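The primary structure of each chain is shown beneath.
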Amino acid sequence: MASMRDIKLRRNSIQSTQKITKAMKLVATSKLQKAKTRAAESRPFFDKMRETIGSILDKSNTVNHPYLTQREVKSRGYIVITSNKGLAGGYNSNVVKLVMKNSEPNDSKIVAVGKRGADNFRRNGYEILEQYNDVIEQPIYKDAILIGEKMLKMYTEGIIDEVYIAYTSFVSALTQEAELIKVLPVDTEEFIGTGEKSSDMMTYEPSPEEVLEQVIPKYINSIIFGALRESVASEHGARMTAMDSATNNATEMIDDLSLEYNRARQASITQELSEIVGGAEALK
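The structure reproduced in this document is the subject of the present report. Keep in mind it's a predicted model, so treat the numbers as computed, not measured.

1. Here we look at the overall build of the chain
- A tally of helices and strands in the chain yields five helices and five strands.
- In sequence order, the chain lays out its α and β elements as α-β-α-β-α-β-α-β-β-α.
- Sequence-distant contacts, at least 24 apart, represent 76% of the contacts inside the chain between residues at least 6 apart.
- If you sum the accessible surface of the chain, you get close to 15800 Å²; carbon and sulfur atoms cover 51% of it.

Below, the structure written as C-alpha cells:
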C-alpha cells in the first residue's frame, strides 16, 4: 500500500487537474453557443447558391464548363480543417484518418486549416501546399474566399485535378461527424431537382456558362465557409464532451484515493494503538 503522503500528493494533483478540466468545459460550453449560431447563419447563403446552380443546370442541358468537366486524375487537393489545440477527444484524429483512408501521399496535396492536421499529415509524408492556422480561431467569409481562390487557381492551372474538403459536421453537442466531400469538378447529378421553381422562359445572360463562371466560385466559397463554421462548433462540442468526461473520471479517482487514504490512515492509527497496548503489556 502506498504511503499516506504519496496518496495525498496524488489526490491533490488530480484535484488541480479537475479544476482545469472543469474550467475548460465551461469555456467550451460558452463558445459552443456562439459557434452554433454562426454555423446556422451561414447555411441560407449556401442553400441559395446551390439552388441557383441547380436552376441553371436544370434549364441548360448543354452547359459545358471546366468546373463541371471530369478529367484524368493525376493529383488531388484536400482542404483539411482541424484545430490548433488538442484535448477535444477524437475531433482532429477522425478527420485526418478519413482523409488518409481515401488518399495516398504520392498523389495528394494538402491545404491545412489548423495546426493539428498539418503536423499529422507532414509526419505521414503528405505535401502541405498551404497552412492556415489563424483562420480556424474565428473564421470569416474572407478566409473562405482566400482558400477558395487558391484551390480554383491550382485546379484551373492543372496542378490538381480534383478538390475535396474534409471537416467535422456539427450534429449536436454530443455528436460530430467527420465528412469528406468533393468540391471540384462539380458533380451535376447532385443538383438534379434542386433548382429554384421559376418560369420556363427564364434565360441567363450573357450565357449559362458565363453565369456559372461567377456563381460556382461563390458556391465553393460558401462550402468552405460553412465547413469552417461547422468545424468550429464541432470542436467546442467535442472539447466540452471530452472535458466533462475527464472531470467525471477525476471525481471517481479522487473518491477512490480518498477511500485509500482513509484506509491507510485507519491502518496507521490501528498500528499505533497496537504498539501502545503492546508497550503497556510489556511494562507489566
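2. Some words on the side chain of Arg229
- Structurally, Arg229 can be placed in helix H5 (residues 208-283).
- Discounting chain neighbours no more than four positions away, the residues touching Arg229 are Ala35, Arg38, Ala39, Glu41, Ser42 and Pro139.

3. Some words on the packing of helix H2 (residues 91-101) against helix H3 (residues 115-123)
- Relative orientation of the contacting elements H2 and H3 amounts to 40 degrees, with a least axis distance of 10 Å. Between H2 and H3, the angle is such that the two are oblique. For H2 against H3, the interelement crossing comes out right-handed. In contact with Asn92, Val96, Val99 and Met100 of H2, H3 contributes Arg116, Gly117, Asn120 and Phe121.
- Of the residues assigned to the contact of H2 with H3, the class counts are four nonpolar, three polar and one charged.

4. Some words on a nonpolar patch on the surface
- Taken together, Ile269, Leu273 and Ile276 make up a surface patch of nonpolar side chains, about 280 Å² in accessible area.
- Counting through the fold element by element, Ile276 comes out in helix H5.
- With a relative accessible area of 57%, Ile276 lands in the exposed category.

5. A look at the sheet that holds strand E4 (residues 162-170)
- Taking strand neighbours across the sheet as the criterion, the five strands line up as E3-E2-E1-E4-E5 in an open arrangement whose pairing is mixed. Two strands lie at the open edges of the sheet, namely strand E3 (127-132) and strand E5 (176-184), each paired on one side alone. Recorded for the sheet is a direction-independent mean angle of 20 degrees between the axes of neighbouring strands.
- Direction of pairing for strand E2 (residues 108-113) relative to E3: parallel, over a ladder of five bridges.

6. Comments concerning the layout of surface pockets
- Estimated volume of the largest pocket: approximately 440 Å³.
- Along the walls of the largest pocket sit 21 residues, with Lys31, Glu137, Glu235, His236 and Arg239 positioned nearest its centre.
- Elements supplying a minimum of two residues to the lining of the largest pocket: helix H1 (4-59) and H5.
- Looking at which element gives the most residues to the lining of the largest pocket, the answer is H1, with seven residues.

7. Describing unusual backbone geometry
- Pro185 follows Leu184 through a cis peptide bond whose omega is -10 degrees.
- Tracing the sequence through the fold places Pro185 in the loop between E5 and H5.
- A positive phi angle, close to 55 degrees, is found at Leu87, a residue other than glycine.
- Position of Leu87 relative to the elements: it lies in the loop between strand E1 (76-81) and H2.

8. Quick word on the nonpolar core
- Counting residues in each nonpolar core, the largest one holds 41 residues, and the members touching the most others are Val113 and Leu184.
- Looking at this core, the elements that each hand over two or more residues are H1, E1, E2, helix H4 (141-156), E4, E5 and H5.
- Considering every element that reaches this core, the biggest residue donor is H5, with 14 residues.
- Once residues lying within four places of it in the same chain are set aside, the contact partners of Leu184 are Tyr67, Leu152, Tyr155, Asp161, Glu162, Val163 and Ile220.
- Tyr78, Val95, Tyr126 and Ile128 belong to the second largest nonpolar core, which has 13 residues in total.

What counts and what doesn't
Residues numbered from 1 in each chain as written. Predicted model: local features only at pLDDT ≥ 70, side-chain atom pairs only at ≥ 80, totals over all residues. Heavy atoms only, no water. Helix = DSSP H or I, 4+ residues; strand = E, 2+ residues; numbered from the N terminus. Contact = heavy atoms within 4.5 Å. Areas by Shrake-Rupley, 256 points an atom, 1.4 Å probe, with all protein chains shown as cover. Axes fitted to C-alpha atoms, helices over the stretch in contact; angles between N-to-C directions. Parallel < 35°, antiparallel > 145°, perpendicular 65-115°, else oblique. Left-handed = near helix turned anticlockwise from the far one by under 90°. Nonpolar A, V, L, I, M, F, W, Y, C, P; charged D, E, K, R; others polar. Patch = residues over 30% accessible without salt bridge, like charges linked within 9 Å, V, L, I, M, F, W, Y side chains within 5 Å. Salt bridge = Lys/Arg side-chain N within 4 Å of Asp/Glu carboxyl O. Buried < 20%, exposed > 50% of the residue type's maximum accessible area, 1.4 Å probe, protein only. Pairing = 2+ DSSP bridges. 1 Å grid on protein atoms, 1.4 Å probe; cavity = no way out; pocket = protein on both sides within 12 Å on 5 of 7 lines; lining within 4 Å. Points joined across faces, edges and corners; volume = space filled by probe spheres on them. Core = buried A, V, L, I, M, F, W, Y, C linked by side-chain atoms within 4.5 Å.

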